[in-house]
Amino acid sequence: MKNICVFGLGYIGLPTAAMFAHHGANVIGVDVNQHAVDTINQGKIHIVEPGLEAIVKQAVDNGKLKASLEPVNADAYLIAVPTPFKGSNHEPDLSYIQAVSKALAPLLEKGDVVILESTSPVGATEKMVEWLAEERSDLSFPKYHEPDTEADIFVAYCPERVLPGKVVEELISNDRIIGGMTKESTAKAKEVYRIFVEGELLETNSRTAEMAKLTENASRDVSIAFANELSIISDKLDINVWELIDLANHHPRVNILQPGAGVGGHCIAVDPWFIVNQNPNEAKIIRAAREINDSKPSWVVDKINAEVDKLKDQGIAKPMVALLGLAFKPDIDDLRESPAVNIAKTMLDADNANILLVEPNIEKLPEKLGCGTLVSLGTALEQANIIAVLVGHSEFKSVNLPSNKSIVDAVGII
Ligand code: SAJ
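Everything numeric here is computed off the predicted structure, so don't read it as measured data.

### Some thoughts on the packing of helix H5 (residues 124-135) against helix H8 (residues 206-236)
(1) Moving on: Closest axis-to-axis distance for the H5/H8 pair is 8 Å, and the angle between their directions is 125°. Considering the angle they form, H5 stands oblique to H8. Of the residues in H8, those in contact with Ala 124, Thr 125 and Glu 126 of H5 are Ser 206, Arg 207 and Glu 210.
(2) Moving on: Residues that form the contact of H5 with H8 fall into these classes: one nonpolar, two polar and three charged.

So, in structure tokens, the structure goes:
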């Protein structure tokens, strides 16, 4: 397994490609984004992930990692392209996987391994095999219902479970699920990951592996929804939810997560919908959790507006509100699917108050918040009448918030 071709050079594909290259494989990373390809070939990265740039630079300098718009022949092909959802039923969009299947099919040779890493609905690996087989009737492919059939190509689903911000460390140390469509496919895929994974390689079939990935993120979503529901109930009962959860968590078998401004990111806020979309009548808790977490930002907006109205009643015509944090979670710069961005957008559009935005991890506001004003934490604390903490960034935890101002603390930093 010396030659590896990785499709998709984003938050998962790039670190994975770099890790293979760092451990001696010859890696071609393929992406449709010319800017990403050019940046990587200069030994730089187009995303933010601690420790990653040094590994990419070394691998590029050693000639082990190269980015390209076009795939090349390899022994193993890894697919780490996005699988967003579309429409109001949250139907998974597999068009990126389909496009990769078309691009890689002509390169396949007997004995090659194809591994899907993209988070996918159950059955996506089998769908990918259908697309590959359509292009290559000269090759035989494995079949899910016939796990012991011999085939020319080995196919597996191997989800990643790394935490953004800790990707470099977790790629190596996390246990990894290896879901082959046949036992031989599992064995071949294990050989690929053995190159750098020090965690356990857990064997299963492709469908179970697909469902395991969705289950992990749905489980976290349900736990956070429980915390968010508690925060709404506690607010009504005038109870401090963080104290409540801390107390309950002293029970030896209780471990409640933390409430926040909502659940963001491109994984936990997305993946559970794949289960709901496929099992609309059965996935009741999973759907409810998604709905609770998705509705939390509007609850936070209502809390901020209640403070705005109080100050208006006291004679301040248009109060100044500082929104602290825009990222989808603490100490990162990633604003994708961020509840804080949605809160900021709603507040700006309503124009009920003057808004100051604070996000220490970015230099420029995203287009969506183009009409907003990005200021430093110091300026915001000085000028605002109301301070709403939307993300628990370290910078916010280390300052004393002014006690003479109205505060809405959505993440419990006080
Ligand atoms: N959040 C809370 N309360 C908590 C924990 C998180 O409100 O107690 C919020 C965060 O603020 C954020 C969202 O949940 O908005 C998601 O953040 P996260 O840190 O829970 O997870 P992600 O999306 O960064 O990464 C998850 C991880 N999955 C699990 O922990 C089960 C990671 O291991 C996966 O690899 C990643 O999804 C993925 O790629 O699927």
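Following the structure, the description resumes.
### With respect to the sheet that holds strand E14 (residues 406-409)
(1) Moving on: Reading across from one edge, E12-E11-E13-E14 is the order of the four strands in this open sheet, with parallel pairing throughout. Only two strands of the sheet have a single neighbouring strand rather than two, namely strand E12 (354-358) and E14. Ignoring which end each strand starts from, the neighbouring axes of this sheet average 15° apart.
(2) Moving on: The sheet contact formed by strand E11 (residues 320-324) and strand E13 (residues 386-389) spans four bridges and is parallel.

### Examining the pairing of E12
(1) Moving on: In terms of burial, E12 is a largely internal element, four of the five residues being buried.
(2) Moving on: Handedness of the crossover is the feature at issue here: the chain leaves E11, passes through helix H12 (residues 339-350), returns alongside E12, and the resulting connection is right-handed.

### A word on the site of the ligand
(1) Moving on: Around the ligand, a shell composed of 20 residues is seen, among which Val 162, Lys 213, Arg 220, Gln 258 and Phe 328 lie nearest.
(2) Moving on: The separation between a nitrogen atom of the ligand and a polar main-chain atom of Gln 258 is 2.7 Å.
(3) Moving on: For the ligand, whose accessible area on its own is 770 Å², the fraction buried by protein is 87%.
(4) Moving on: Domain assignment of the residues forming the shell around the ligand places at least three in each of domain 1 (3-199) and domain 2 (215-409).

### Concerning the environment of Ile 332
(1) Moving on: The topology assignment puts Ile 332 in the loop between E11 and H12.
(2) Moving on: Residue Ile 332 is classed as buried on the basis of its relative accessible area of 12%.
(3) Moving on: Ile 332 sits 284 residues away from Val 48 along the chain, and the two C-alpha atoms are 8.0 Å apart.
(4) Moving on: Not counting the four nearest positions on each side in its chain, Ile 332 is found in contact with Ala 327, Glu 359, Asn 361 and His 393.

### Side note on the sheet that holds strand E8 (residues 154-157)
(1) Moving on: Across the sheet, which stays open at both edges, the eight strands sit in the order E3-E2-E1-E4-E7-E8-E9-E10 with mixed pairing between neighbours. Where the open sheet ends on each side, the last strands, each with one partner, are strand E3 (65-68) and strand E10 (201-205). Across this sheet, the average inter-strand angle for adjacent strands is 25°, counted without regard to direction.
(2) Moving on: Relative to strand E7 (residues 113-116), strand E4 (residues 76-79) runs parallel, the two sharing four bridges. Each residue of the ladder has a partner; that of Leu 78, found in E7, is Ile 115.

### Points about helix H11 (residues 284-313)
(1) Moving on: Compared with an ideal rise of 1.5 Å per residue, which puts 30 residues at 44 Å, H11 spans 43 Å between its outermost C-alpha atoms and is within 8% of the ideal.
(2) Moving on: The largest bend in H11 is about 35°, located at Lys 296, with the proline Pro 297 one to four residues further on.
(3) Moving on: Positive phi shows up at Gly 315, right after H11, with a value of about 105°.

### Here's the deal with H5
(1) Moving on: Given a rise of 1.5 Å per residue, twelve residues ought to cover 16 Å, and the 17 Å separating the end C-alpha atoms of H5 matches this to within 8%.
(2) Moving on: Residues Ala 124, Thr 125, Glu 126, Met 128, Val 129, Trp 131 and Leu 132 constitute the buried set of H5.
(3) Moving on: Looking at the buried positions of H5, the neighbouring elements they touch are E4, helix H4 (95-104), E7, E8 and H8.

### Section: the pattern of salt bridges
(1) Moving on: Here the structure, examined in full by the defined rule, presents 17 salt bridges.
(2) Moving on: Residues joined by salt bridges that share partners form a network here, namely Asp 221, Arg 290 and Asp 294.

### Some points on the domain arrangement of the chain
(1) Moving on: By domain assignment, the chain separates into domain 1 (3-199) and domain 2 (215-409).
(2) Moving on: Each partner contributes to the interface: domain 1 provides 17 residues, whereas domain 2 provides twelve residues.
(3) Moving on: Between domain 1 and domain 2 lies a buried interface of about 1,300 Å² when both sides are counted; carbon and sulfur atoms form 58% of it.
(4) Moving on: Of all residues in domain 1, Tyr 11, Phe 85 and His 90 bury the most surface against domain 2, accounting for 34% of the area lost on that side.

### Remarks on the side chain of Asn 217
(1) Moving on: For Asn 217, the location among the structural elements is in helix H8.
(2) Moving on: Judged by relative accessible area, which is 11%, Asn 217 ranks as buried.
(3) Moving on: Discounting residues that sit within four places of it in the chain, Asn 217 has contacts with Cys 267, Ile 268, Asp 271 and Pro 272.

### Examining the packing of aromatic side chains
(1) Moving on: Within this structure, the stated rule accounts for two aromatic pairs.
(2) Moving on: Ring plane angle 75° and centroid distance 4.8 Å describe the contact between Phe 20 and Phe 196, whose orientation is recorded as edge-to-face. Here the residue Phe 20 occupies a position in helix H1 (residues 13-22), and Phe 196 occupies one in the loop between helix H7 (183-194) and E10, the gap between them amounting to 176 residues. For the pair formed by Phe 20 and Phe 196, the shared burial category is buried.
(3) Moving on: An aromatic cluster of at least three residues, connected via ring pairs, comprises Phe 20, Tyr 193 and Phe 196.

### Topic: unusual backbone geometry
(1) Moving on: The backbone phi angle of Asp 238 is positive, close to 55°, even though this residue is not glycine.
(2) Moving on: Structurally, Asp 238 is set in the loop between H8 and helix H9 (241-248).
(3) Moving on: Since its relative accessible area comes to 73%, Asp 238 is described here as exposed.
(4) Moving on: With phi around 50°, Glu 337 is a residue other than glycine that occupies positive phi space.
(5) Moving on: By the element assignment, Glu 337 lies in the loop between E11 and H12.

Rules behind the numbers
- Residues numbered from 1 in each chain as written.
- Predicted model: local features only at pLDDT ≥ 70, side-chain atom pairs only at ≥ 80, totals over all residues.
- Heavy atoms only, no water.
- Axes fitted to C-alpha atoms, helices over the stretch in contact; angles between N-to-C directions.
- Helix = DSSP H or I, 4+ residues; strand = E, 2+ residues; numbered from the N terminus.
- Parallel < 35°, antiparallel > 145°, perpendicular 65-115°, else oblique.
- Contact = heavy atoms within 4.5 Å.
- Nonpolar A, V, L, I, M, F, W, Y, C, P; charged D, E, K, R; others polar.
- Pairing = 2+ DSSP bridges.
- Buried < 20%, exposed > 50% of the residue type's maximum accessible area, 1.4 Å probe, protein only.
- Right-handed = clockwise from strand over helix to strand, strands pointing away.
- Near = heavy atom within 4 Å.
- Polar contact = N/O pair within 3.5 Å; in protein donor to acceptor, adjacent residues only side chain to side chain.
- Areas by Shrake-Rupley, 256 points an atom, 1.4 Å probe, with all protein chains shown as cover.
- Domains from an automatic or database assignment.
- Expected span 1.5 Å × (residues − 1).
- Bend = angle between axes of the 7 residues up to and from the residue.
- Salt bridge = Lys/Arg side-chain N within 4 Å of Asp/Glu carboxyl O.
- Buried area = accessible area lost by both parts, 1.4 Å probe.
- Phe/Tyr/Trp six-rings, centres within 6.5 Å; stacked < 30°, edge-to-face > 60°.

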